[in-house]
Each structure stands twice: as C-alpha cells, then as structure tokens.
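Listed below are the residues making up each chain.
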Amino acid sequence: MTFRQFAYRNVARNKRKYAAYFVSSAFSVMVFFLCALFIFHPAITRDTILSTAANTMMVAEGIIFVFSSLFVLVSVGSFMQSRKLEFGVLLMHGMTKGQLNKMVFLENMLIGSSAILTGTLLGLLLGKLFLMIGAEFLGIAPLEFYFSWQAPLLTVSSFALLFVLISLCTFAFIGQESPRGLFQGGRRAEQEPRVSPLLASISALLLLGGYALAASATAASIEMIMFPVVAITVAGTYLFYTQLSLFIVKLLRGMRRFYWHKTNMIMLSGLSYRWKDNGRMFFMVTVVSAVSFTSVGVFASIHTLSKELKLDYPAAVGYVAKGSQAGYNAEGDLRGIQGELERLSLPYEILSIPVKHAEVKSQTGLDRTRKLPLMAYSDYKLALQQAGFISHEQPLQGNEGLVMIGSQRDRSLTWGRVKAEYTLEQGTEIVEIGYTEHVPIAEYLLPELDGRDGGDFSGVVVSDSLFSSIIPAHTDRYTGFYVDDFPLTSGIAKVLADKGKVAYESDAPYAVVVSGTLFEIQKTLYSTMLFASLLVGTVFFIAAGSFLYFRLYTDLDHDRLQYSTLSKMGLTDQELDRTVTLQLALMFFVPVGIAIVHSLFAFIALQRLFYLSIAAETGAVLAGYLAAQGLYFILIRGRYLRNLKKNLI
C-alpha cells in the first residue's frame, strides 16, 4: 500500500465524519460557481441597470468565500483535535512528523479537490436552471445558458488556493506535541467546566443592553448605533455560550428537586460538557444565522418598498427648471418627455407650479438656510390632488408654514427636529408649525434644507397671500407628469437622466426624476440582494448543520459507551430517547432561537427606516428557517438514535 493509498483509506474510513464537511464544501463551491456564471453572463454585463445586479452577486461571492475559509479552518481544526489519539498511535509506531504532516495535507487536498470537482460539475448541471430562477427574480426575460471561461477559472483557482492554505495550516494544529501527549489527548478525563458569575452577568448585561439600544433606535440614530449594537450583541452572544449558559445549567443542577427528577441528571450533566466543547461552534452558528435571517427578511420586503416608492415619488416624471439658470430652453426638455409618453401610449396629466427661493436673513435653531424654497398652499393641494393623495390639512394663516417632507423616511425624523422661525431679507417672517402629510415634490428636485438630522426636508408651504407678497431671489418651475402605472415610465428621458435622476445640487440647469427608472433600478437591486441573501443564507444553513452533524458523530463512540453503561443500570429505551432528544433539541434550537431574537430586535430597529410595515415578510422568513431547522432536526435525530443504539445491550 502506497502512502497516497494510506491517506485515501484514512478518508474513506472516516467518511461518516467527513460526509457533512464534504457536502457543505461542495455546496459552497457550487453556489460560488453559479454566481460566477451569472456575473459573467453577457446579458447582465451589457445592461446598465442589470450591472448593479452583477456587482451585488460579486459581493455575495466574497461573503461565500470568506465564510467558506472560516468554515473550512474551524472544521479542519476540529478534525485534527478529534484525531489526536490516531496521530499519537501512528507516531509511536514509527511515523515521522514530516510524514504525518504530509498525510494530513494529502487527506485535506483529497477532500478539497473532490469538493471542487463535485461542486463545479453540479454547477454546470444546474447552470441553466439557476439562470432561469435568477431571471425570474429580476423580472427579466429568461437568460440563455452561457458558459464563460472566467466562471470555472475563478471558482477552481479561488477554492484551490483556499484548500491549499488551510491544508498548510494543519501543520500548526498538529504542532510539536509529543507522541505521548497526542496519544493521551483522546483519553484525558473531562474536567468540570469552569464558570465565572461575573462574566455570566456581563453577558446578560451586554445582551439586554444591545436589545435596549436596538429597540430605542430612531431613524436619525440608527446609523450611529448600528455598529456599537452589533459589537455589544456579538460579545454578549459569545459570553452567553461560554459562560452564561453554563452558569444557568449549574443553577439548574443546584435545584435538587428538579435535578433528581427522572432523567434530568443525565441530560444536564451531559449538556454541561457538550456546551463547553461546542460553545464556539454555537456562537458562530448563532451570529451567521442572525445575519442571514435579517438580510433575507429585509430584502424580502420588495413589494413594501415599491409601495413606499409610490408615496415618495408622486409624479411619474418630475422636472424642475432652475430659475437661476437664465437662458436655458426647458420647454424643449418638456416637449421631449411628452413625446416619449405619447409614443408609449401612456395617458398622463401635467401640473406646472412655481417654487420661489427667498433669501434668509436669520433663523432660529442650529440649521442655517441661505435660500428657502417656498410653495403656495393652493399649489401644494393641487400637487396632492394630481398624485391621488387625500389631505386633511387646514388652510394656513398669516406667517404659518408647513415643512415639506421629501420622503417617507422623514416622518420618523420629524419628532427630533426643532421647528424653525425664518426672517427673510425683505423682513417677512415665516414660522414652521408642522409638516406636510404627503410628499408634494419628490426628493432630488429641490435643494434640501441645511439640516443636521439626515432628512430630506425640501422647503416650506406657506399661505397664498404670504407667497404672493414674497420677492424671491429666483423662481423655479416644477412640472410633474402624472401617470396611473408609473413603472411603465422606465427608460423615459434617458437623454436628460441616464439612471433616472439628476439632483438639484448638480451643475445641470434642471433637476429631473423618473420614478419608473428609479423603481426598476431599486427593484433589480433588491431582487438581486434577496436572491444573493437566499443563496448565502442556504450556504450558512448547510454549513451550520454540518457543524452540528460533525460534533454529534465525533462524540458518538463516547455517547454509545455512556448510554450502554446506563442501559445496564436500568435506563429504559423510552428514557434514552427522551434524554437524547432533549439534548439534541437544545443543541439545534437554542442557537437558532437566539438568532431569531437577535433578528427580531434588528427588524425593530430597521423598521424605523420604513414607513410601511415589513413585519409580514420578516415573519415568513423566520418561520421558514425555523421549519427547515425542525425538519433537519427530525432527520438527524432519527439517524443519530439508530447509530447510538447499535450494539447497545
């Protein structure tokens, strides 16, 4: 038998342990390859809007590769730890350290090469189906199968490099430990897990603090507290598995009546050691699952976001001719937009209203606005009427003014914004008394007030009499084209705005937004993000399952010996099933349950960014993941019990 055959038979002999690791690695390679097929498809790369989808999928590629690197590293480290006894026996029988390193390197490369080959071939077989599903997600025509040489080259080279580097890292796992130390490594007596009440308390405080910060976040503060909350929650989660969970088990063991009830002693004593050995693995599963749940839940809310876009962009096409740019022929642009709408046979209505920009002498508060955009109350009501909005606002009196919100996100920012009083250069005073119920003119079409709250507030609505008395520095002309089905306007006015908008702050003599084009870009982006999140989430789910599978079968011989002894002492078959089921259920569902709690608080914070509710979509995502985990638990439980009861007397 050659040395290579010896390495191959080692892998074949341990195929039960390596099975989940191989399947997860091959699946990661397959998803990576399929994403590469999508990225390098000519129909995607040539399209301006779809190129954003390719960029999103490239990010997904990076996430899959980074996670695969971490997964392979942790898995290989666990394999090496579980095989110390085997390595010790080989060294005591004359194998040199160099030969041992070579054997481990060959084994890892054998598994890695097989995973790369299997994943790439499966990707080729499923490539057409994947492209069809991807096209369906994006709402475009089915993509023809196109095999680009970049896809296999990127996949094979990336994962070959990964497995080579990880295989070289295995030398560090083996280290310079003596054969005697390796030989005894698999037989050392288990020690009682050490628990620090202080660290357990810190874990509880960190988790509760992170949840409190997430629940109290506002739309204005969410960007500032996002990273601190994530850091606090991750640290609390790590301490939960390494300290707090063990502390809870210790408390339960101290409750004599509960601890001595039926098989609780067996379940809790075994659980304490399992939690100690698998704490880091549970931590990784929880964090990865929480990220996956949150991302899929948010991007599954595409339909909600499209409804919100309709509220943010009341006109299908909005155009503002800047009064400060004298001599520009805006009528030519407007005729061009009208001509495109007529060629598409889209019925439309036009509204044209003036927007005055008055010079501000002074104002209260921290903000400083040099020129204040103003709209007459009657024009504001006309804009809402054309958009189909219903308003219950009362006519303005005297110097009263309503701040125009530029998007639905501004609604959550109004409570923290201090209302201002303006004194214009001509001596007129304007007092903000509230905010508009609806968006009259879409954001990007007017300059934002110089606020420090991150909002898109874009001017003030005043009474008709006050509006007529104000002498402006210049006057803009807003023209809105109102269409019933605004997504049909996608691609209109490409000459003016290639990607659907030209902001007021640009150097152009006009500002324009095409809601259909913006909707198409947003829909493509969010659909791709949802598709990528589902792919990455599936990779995470399978990898997390393989972690659990590996740990169970690593401890199988130890558990079989333990339960064999307990069976001889009188443990019934039903009691064995109940004990094992409870232990497995805690291992499977505690990480997922904590991940769901993390995700729920993340959704509570993210909901502040949306005017419409995303609860239904996020609830469906969490229920789907929980159902998948339940099905996986049932399958693994049955298989594990069958293997555990083999040769059990």
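Relevant structure appears above.
Note that the structure is predicted; figures quoted are calculated from it, not measured.

Draft legend 1. Spotlight on the overall build of the protein chain. A tally of helices and strands in the protein chain yields 20 helices and 10 strands. The buried share among the 649 residues of the protein chain stands at 51%. A separation threshold of at least 6 residues defines the contact pool for the protein chain, and within that pool the share at least 24 residues apart is 83%. In the form shown here, the protein chain has an accessible surface area of approximately 30,000 Å², with 62% of it arising from carbon and sulfur atoms.

Draft legend 2. Spatial organisation of the side chain of Glu107. Relative to the elements of secondary structure, Glu107 occurs in helix H6 (residues 97-138). Once residues within four sequence positions are removed from consideration, Glu107 is found in contact with Ala7, Asn10, Val11, Tyr18 and Arg83.

Draft legend 3. Spatial organisation of the environment of Lys128. Relative to the helices and strands, Lys128 resides in helix H6. Its relative accessible area of 32% is what places Lys128 among the partly exposed residues. Note: C-alpha distance between Lys128 and Pro142 (14 residues apart in sequence) is 9.6 Å. In contact with Lys128, other than residues within four places in its own chain, are Leu143, Glu144 and Phe145.

Draft legend 4. Expanded view of the packing of aromatic side chains. Tallied over the full model, the rule gives 16 aromatic pairs. Residues Phe240 and Tyr241 carry aromatic rings whose centres are separated by 5.1 Å and whose planes lie at 80 degrees to one another, so their mutual orientation is edge-to-face. Of the two residues, Phe240 and Tyr241, neither departs from the other in class, the shared state being buried. Looking at Lys322, its charged tip hangs above the ring of Tyr504, at a distance of 4.9 Å from the centre. A cation over an aromatic ring shows up here: Lys356 above the ring of Phe467, its NZ or CZ 4.6 Å from the ring centre.

Draft legend 5. Here's a closer look at empty space enclosed by the protein. One pass over the full model with this rule turns up four cavities of 30 Å³ or more. Those elements that place two or more of their residues in the lining of the largest cavity are helix H12 (264-299), helix H17 (515-554) and helix H20 (615-644). Per-element accounting of the lining of the largest cavity gives the leading share, six residues, to H17. Of the residues belonging to the lining of the largest cavity, the class tally is nine nonpolar, five polar and no charged.

Draft legend 6. Just the packing of helix H2 (residues 15-39) against H6, in detail. It is at 5 Å that the axes of H2 and H6 come closest, and there the two elements cross at 45 degrees. On the basis of the axis angle, H2 is oblique to H6. As for how H2 packs across H6, the hand of that crossing is right-handed.

Draft legend 7. Here's a closer look at the nonpolar core. By size, the foremost hydrophobic cluster in this structure holds 93 residues, and its most contacted members are Tyr21, Phe38 and Met57. When near neighbours in sequence (up to four residues on either side) are disregarded, Met57 contacts Cys35, Phe38, Ile39, Phe130, Thr528, Phe531, Ala532 and Leu535. Tyr313, Tyr319, Ala330 and Tyr482 belong to the second-largest nonpolar core, a separate cluster that totals 50 residues.

Draft legend 8. Focus on the packing of helix H9 (residues 197-215) against helix H19 (residues 573-606). Between H9 and H19, whose axes approach to 8 Å, the crossing angle comes to 30 degrees. Classed by the angle they form, the pair H9 and H19 counts as roughly parallel. Where H9 abuts H19, its residues Leu207, Tyr211, Ala214 and Ala215 lie against Val597, His598, Phe601, Ile604 and Ala605.

Draft legend 9. Region of interest: helix H1 (residues 3-13). Where H1 is concerned, the buried positions are Ala7, Asn10 and Val11. Taken end-on, H1 shows its buried residues confined to a sector of 95 degrees, consistent with a single buried face. Across from the buried face of H1, at angles greater than 90 degrees, the exposed residues are Tyr8 and Arg13. Contacts made by the buried residues of H1 are with H2, helix H5 (84-92) and H6.

Draft legend 10. Layout of a nonpolar patch on the surface. Together, Leu117, Leu121, Leu124, Phe145 and Phe147 make up a nonpolar patch on the protein surface, roughly 470 Å² of accessible area in all. Here Leu117 shows up in helix H6. When its relative accessible area of 55% is taken as the criterion, Leu117 is described as exposed.

Draft legend 11. Structural view of the environment of Ala508. By the secondary structure assignment, Ala508 is in the loop between strand E9 (501-502) and strand E10 (510-514). It is 8.8 Å that separates the C-alpha atoms of Ala508 and Gln325, two residues lying 183 residues apart in sequence. Setting aside residues no more than four positions away along its own chain, Ala508 makes contact with Lys322 and Val502.

Draft legend 12. Seen up close, a positive patch on the surface. On the surface, a cluster of positive charge is made up of Lys15, Arg16, Arg639, Arg642 and Lys646. Counting residues per element, the ones that place at least two in the positive patch are H2 and H20. As for its position among the elements, Lys646 is in the segment after H20.

Draft legend 13. Broad picture of unusual backbone geometry. Notably, Tyr444 is not glycine yet its phi reads approximately 80 degrees, a positive angle. Tracing the sequence through the fold places Tyr444 in the loop between strand E6 (429-435) and strand E7 (460-462). In this structure, Ala493 is a non-glycine residue whose phi angle is positive, near 60 degrees. Looking at the secondary structure, you find Ala493 in the loop between strand E8 (474-482) and E9. Note on Ala493: relative accessible area 2%, which makes it buried.

Draft legend 14. Fine view of the pairing of E6. Here four bridges tie strand E4 (residues 400-403) to E6, and the two strands are oriented parallel to one another. Across the sheet, the residue bridging to Glu400 is Val431, located in E6. Pairing between strand E5 (residues 421-424) and E6: three bridges, direction antiparallel. Across the sheet, residue Thr423 finds its bridge partner in E6, namely Glu429. Following E5, the chain reverses through four residues before pairing antiparallel with E6; Gly427 in that reversal takes a positive phi of roughly 100 degrees.

Draft legend 15. Region of interest: the pairing of strand E2 (residues 349-363). Relative to E8, E2 runs antiparallel, the two being bridged by nine bridges. Along E8, the bridge assignment pairs Val355 with Asp476. Of the pairings in the sheet, the one linking E2 to strand E3 (residues 371-376) comprises four bridges and is antiparallel in character. Of the residues in E3, the one forming a bridge with Ala358 is Leu372. Strand direction decides the pairing type here: E2 and E5, joined by three bridges, are antiparallel. In the sheet register, Ser362 faces E5, and the bridge partner there is Thr423.

What counts, and at which threshold
Residues numbered from 1 in each chain as written. Predicted model: local features only at pLDDT ≥ 70, side-chain atom pairs only at ≥ 80, totals over all residues. Heavy atoms only, no water. Helix = DSSP H or I, 4+ residues; strand = E, 2+ residues; numbered from the N terminus. Buried < 20%, exposed > 50% of the residue type's maximum accessible area, 1.4 Å probe, protein only. Contact = heavy atoms within 4.5 Å. Areas by Shrake-Rupley, 256 points an atom, 1.4 Å probe, with all protein chains shown as cover. Phe/Tyr/Trp six-rings, centres within 6.5 Å; stacked < 30°, edge-to-face > 60°. Lys NZ or Arg CZ within 6 Å of the ring centre and 35° of its normal. 1 Å grid on protein atoms, 1.4 Å probe; cavity = no way out; pocket = protein on both sides within 12 Å on 5 of 7 lines; lining within 4 Å. Points joined across faces, edges and corners; volume = space filled by probe spheres on them. Nonpolar A, V, L, I, M, F, W, Y, C, P; charged D, E, K, R; others polar. Axes fitted to C-alpha atoms, helices over the stretch in contact; angles between N-to-C directions. Parallel < 35°, antiparallel > 145°, perpendicular 65-115°, else oblique. Left-handed = near helix turned anticlockwise from the far one by under 90°. Core = buried A, V, L, I, M, F, W, Y, C linked by side-chain atoms within 4.5 Å. Arc of directions from axis to C-beta. Patch = residues over 30% accessible without salt bridge, like charges linked within 9 Å, V, L, I, M, F, W, Y side chains within 5 Å. Salt bridge = Lys/Arg side-chain N within 4 Å of Asp/Glu carboxyl O. Lys, Arg positive; Asp, Glu negative; His and termini not counted. Charge placed at Lys NZ, Arg CZ, Asp CG, Glu CD. Pairing = 2+ DSSP bridges.

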